[in-house]
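Below are the chains, spelled out letter by letter.
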Amino acid sequence: MAGDSIDSLHTRRTLTVEGHAYSYFSLEAAAAAGLGDVSRLPYSLKVLLENLLRHENGCTVDLDQIKAVAAWLSNRRSEREIAFFPARVLMQDFTGVPAVVDLAAMRDAIAALGGDPRRINPIKPVDLVIDHSVMVDAFGNSQAFARNVELEFARNGERYAFLRWGQQAFDNFRVVPPGTGICHQVNLEYLAQVVWTDAGNGSPTAYPDTVLGTDSHTTMINGLAVLGWGVGGIEAEAAMLGQPLSMLVPEVVGFKLHGLLKEGATATDIVLTVTQMLRAHGVVGKFVEFFGPGLDQLSLPDRATIANMAPEYGATCGFFPIDAETVRFLRFSGRAAARAALVEAYAKAQGLWRGADTPAPAFSATLELDLGKVEPSIAGPRRPQDRVRLADGAAEFERQLPAMLGIDPTAEDARLRQRAPVTGTDYALTHGDVVIAAITSCTNTSNPSVMLAAGLLARNGLARGLRAKPWVKTSLAPGSQVVTDYLRAAGLDRDLGALGFDLVGYGCTTCIGNSGPLPEPVAQAVEAGDLVVCAVLSGNRNFEGRVHSQVRANYLASPPLVVAYALAGSIRRDLTSTPLGMGADGTPVYLRDIWPSNREIRETVDRVLSADMFRRRYADVFTGDPHWQAIAMSAGLTYGWDGTSTYVKRPPYFDGMPPAPGALDDIAGARPLAILGDSVTTDHISPAGSIKADSPAGRYLIEHGVQPADFNSYGARRGNHEVMMRGTFANIRLRNEMAPGTTGGVTRYMPDGAPMSIYDAAMRYKAAGVPLVVVAGKEYGTGSSRDWAAKGTLLLGVRAVLVESFERIHRSNLVGMGVLPLQFRDGATRRTLGLDGSEVFDIAGIAGGITPRMDVSVRIARADGRVETIVVRCRIDTLDEVEYYRHGGILQCVLRTLSRAG
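Just so you know, these numbers come straight off a predicted model, no measurement behind them.

> Summarise the overall build of the protein chain; cite the residues concerned and give the values.
Along its length, the protein chain carries 32 helices and 34 strands. In terms of overall size, the protein chain behaves like a compact globule, its C-alpha atoms giving a radius of gyration of 27 Å where 902 residues would be expected to give roughly 29 Å. Overall, the protein chain is about 75 × 75 × 55 Å in size when its C-alpha atoms are taken along their principal axes. Scored against the burial criterion, the 902 residues of the protein chain give a buried share of 63%. Excluding contacts between residues fewer than 6 apart, the proportion of contacts in the protein chain whose partners are at least 24 apart in sequence is 76%. Of the accessible surface of the protein chain, which amounts to about 30000 Å², a share of 50% is contributed by carbon and sulfur atoms. Positive and negative charge centroids in the protein chain, built from 89 and 96 side chains respectively, lie 1 Å apart.

Here it is, written out as structure tokens:
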């Protein structure tokens, strides 16, 4: 708690705001006490510095850590490890359900160790927003929302009953029911306070609001000057139990914005440009902080749009400092006037306030962007950073089409001109046709300017006689109920609905693979023609196999461009030079003819939005609709596990766990389970979308009486480890170099080389007592912060993962599950070593004790008798991570600590 600091620098001060006194830990006082001038620190590092001052206890946080942050200015980088205590934790239900499952299992385990189950209880406030379970089954009509809600509750009754148990069983744990909004938008519009307060002895303590979330897009709240980012569920569980997040003092890359956005460009186009620039620069594991006069031209939702996609540009966070726009948004979104006043006063007292005349902080490196040079863009067909100018989109698809079909681009091949008739219609599909157009995802549906632009474009298109193409599955999934309020106030909900963009749900839908099935005739045509069809979505993720298993090309775009592509019906149409279609008067209609002006968009935003919309919608945010209230809620300190449930199952992580960890050992005789390429995402590793009947997970469900129609999704079944481990490495687009020419989670069992599923091979290895390794290329584990990418890896028997480079969150998650992350050194790769999967690996140097980022040796014995030894880097980066690995995982470490304390 804030009052527990030993405050060796005597920094506690009092701030009085509107007659109320608050304690705070003053950065200015710390500087005067000998810390030195910290005024030029990036704002994000000032937040970390305050966090250390407030939590200084001489052990977990000591004066050396405080001095290390202040000393950052000398070299603008540091290798010093610090402890970070977030103010709160944010969850969505896909990652939240398994986290609560783990907590319930920890209560069982601590009781078995003789401890008090009540000690397993969130110490930090936790908010779980149910937003990932709604699927787009019904669409294109006014009843779609009601139908999808009915299906959501029918499919997820067990999960929701479990969460309602958690509501009553755990303190400091709140659940925002389904149908309310996306967690990041609810966080932006309601949960976040910018300056948090704790009751203390005497006056309350004020300090920066900080958050860790179990979704990588937690960074969206950085747009509101709240420092936070996504972590795995296992790290979030430790944080809510009062454990710090161990991290290195990061480099901070400054991104200067200046200039004015030109006509036709949107906040989405800014963020796609920023993403491309920062990916090219390289910001993995770093903070990004935005500065410059361009910030004064960005609304708070524009900033949130840019911050949201920090995982896509690879940064830990994308931070905007507190300024007048921050305070304006707090007031406008219905926060208490007293809170807004406290935020301004506190920020100014702490040197956290940015004004037009404030000098720029010092940064490790800087980039800059003239907003006036931002052009309308899309990104795809596979990665968010692959931005393409709208004018070049059609040509770029043509260039990439041969590769997506596996065709020599220099050859004349009839498959490039393939067409497939759609049964019962007068049209046929071909490559590049848009079969999904979805206004979805937290990135853009939080931003009134782009949402109203979509509505205005729809209105203008309707007036000219345009309609969406009949093969396009259209949907509107806003991030909060406020969005439909202001669309309705503008009368634009009717225009969007007339083009098929009816409300389908409030939640993450298409962007996370909950796009639902394509209409059967369209699906059959895609299969029959082996077509490369497209999805256009206003989301942040477009990785292979994520949006829909039949859609191979996925493009991110602004909401108005989503509508435009629904009208055009094909990605192969250049929207800047060719008509969207023919108008009612028989003349061609171009995008430029119906695109609303920046002035019209701005005036519409000012006219239809009001603070009352936010106050009304969030007045009873935790109540839920009649479906939610009707769910039976069990009681009890520990959970009564249902052995027949296929949704919620007690995990095996703590089975037979001794009171103290055993000695570390080297890994001997390990076989490769998979050898993978570059940019393997957590989507590739951890299942998220639909479950195929002929997959190991599908067969498990059928064996347990679940029919394919009731499979739901992998995400909805994350509370059942049996389903999830069977889906690990089972993504339909995963290519295992051990099994050339195959996709979808196939490997070869060694030493006989028999082909089989990765899950089946892993179980055979486990039965034989053979440890496993996974080998891969660069950027391993990019994408969503899925703890199941690490949990599934562990449960398959993988002891180590050896790659060229890791994405931040997944590396941490592997350590948190007791899996050893290793990184190639000295130019070695799977290719330079010529690995084919027949090798045996011995990893030595662990048994002698691990130190952060130490070198270990890997002995590789080949099938022909040749042996070589290479040196690799152990990517256990901090002393806390060493301790987690020694215990077999972070949760085991926390559990033993709490058991002893009890």
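> Describe the sheet that holds strand β5 (residues 126-129), naming the residues involved and giving the relevant values.
With respect to topology, five strands assemble into an open sheet ordered β6-β5-β4-β9-β10, the strand pairing being parallel. With one partner strand each, in any of the chains shown, β6 (173-176) and β10 (227-230) form the two edges of the open sheet. Pairs of neighbouring strands in the sheet enclose a mean axial angle of 20°, with direction left out of account. Docked against the sheet, helix α6 (residues 157-169) engages β5 and β6, running at close to 145° with respect to β6.

> Give me the lowdown on unusual backbone geometry, citing residues and values where you can.
Residue glycine 380 is joined to proline 381 through a cis peptide bond whose omega torsion reads 10°. A cis amide bond links methionine 750 with the next residue in sequence, proline 751, at an omega value of 15°. Its place among the elements puts proline 751 in the loop between β27 (746-749) and β28 (754-757). In this structure, arginine 76 takes a positive phi of about 60° despite not being glycine. Inspection of the secondary structure puts arginine 76 in the loop between α3 (63-75) and β3 (81-84). Note on arginine 76: relative accessible area 34%, which makes it partly exposed.

> Outline the sheet that holds strand β29 (residues 772-775), supporting the account with residue identities and numerical values.
A barrel is described by the order of its strands in space; here seven strands give the closed sequence β26-β29-β30-β31-β34-β33-β32, paired in mixed fashion. In this sheet, adjacent strand axes meet at a mean angle of 40° when their direction is disregarded.

> Provide a residue-level description of the packing of aromatic side chains, including the pertinent values.
Taken as a whole and judged by the stated rule, the model has 23 aromatic pairs. Considering the side-chain rings of tyrosine 653 and phenylalanine 654, the 6.3 Å spacing of their centres and the 85° angle between planes classify their relative orientation as edge-to-face. Summarising the burial analysis for this pair, tyrosine 653 and phenylalanine 654 share the class buried. Ring geometry for tyrosine 749 versus tyrosine 765: centroids 4.5 Å apart, planes at 35°, classification tilted. On the criterion of sequence distance, the pair formed by tyrosine 749 in strand β27 and tyrosine 765 in helix α28 (residues 758-767) is long-range, its members being 16 residues apart.

> Tell me what's going on with the side chain of aspartate 269, and back it up with residues and numbers.
Along the chain, aspartate 269 turns up in helix α9 (residues 267-281). For the buried aspartate 269, no salt bridge is present, and the opposite-charge side chain at shortest range is arginine 387, 7.4 Å distant. Engagement of the side chain of aspartate 269 in a polar contact is seen with the backbone nitrogen of threonine 266, the distance being 2.8 Å. Apart from the residues lying within four places of it in its own chain, the contact partners of aspartate 269 are Gly264, Val374, Glu375, Pro376 and Ser377.

> Can you explain the nonpolar core? Please cite residues and give values.
If you look at the biggest cluster of nonpolar residues, it comprises 304 residues, and the most contacted ones within it are Phe290, Tyr313, Tyr486, Phe501, Tyr780, Leu820 and Ile843. Setting aside residues up to four positions removed in sequence, tyrosine 486 forms contacts with Thr445, Asn447, Pro448, Met451, Leu452, Val608, Leu609 and Met613. Counting residues in hydrophobic clusters, the runner-up holds five residues, among them Val136, Ala138, Ala144 and Ala477.

> So what about the side chain of asparagine 156? Which residues, and what values?
By the element assignment, asparagine 156 lies in the loop between α5 (144-155) and α6. Its relative accessible area of 0% is what places asparagine 156 among the buried residues. There is a polar contact of 2.9 Å between the side chain of asparagine 156 and the side chain of arginine 159. A distance of 3.2 Å separates a polar atom in the side chain of asparagine 156 from a polar atom in the side chain of asparagine 712. In this structure, asparagine 156 is in contact with Ser133, Tyr647, Asn712 and Ala716, ignoring residues within four places of it in sequence.

Thresholds applied
- Residues numbered from 1 in each chain as written.
- Predicted model: local features only at pLDDT ≥ 70, side-chain atom pairs only at ≥ 80, totals over all residues.
- Heavy atoms only, no water.
- Helix = DSSP H or I, 4+ residues; strand = E, 2+ residues; numbered from the N terminus.
- Rg over C-alpha atoms; globule rule 2.2 N^0.38 Å.
- Buried < 20%, exposed > 50% of the residue type's maximum accessible area, 1.4 Å probe, protein only.
- Contact = heavy atoms within 4.5 Å.
- Areas by Shrake-Rupley, 256 points an atom, 1.4 Å probe, with all protein chains shown as cover.
- Lys, Arg positive; Asp, Glu negative; His and termini not counted.
- Charge placed at Lys NZ, Arg CZ, Asp CG, Glu CD.
- Pairing = 2+ DSSP bridges.
- Axes fitted to C-alpha atoms, helices over the stretch in contact; angles between N-to-C directions.
- Phe/Tyr/Trp six-rings, centres within 6.5 Å; stacked < 30°, edge-to-face > 60°.
- Salt bridge = Lys/Arg side-chain N within 4 Å of Asp/Glu carboxyl O.
- Polar contact = N/O pair within 3.5 Å; in protein donor to acceptor, adjacent residues only side chain to side chain.
- Core = buried A, V, L, I, M, F, W, Y, C linked by side-chain atoms within 4.5 Å.

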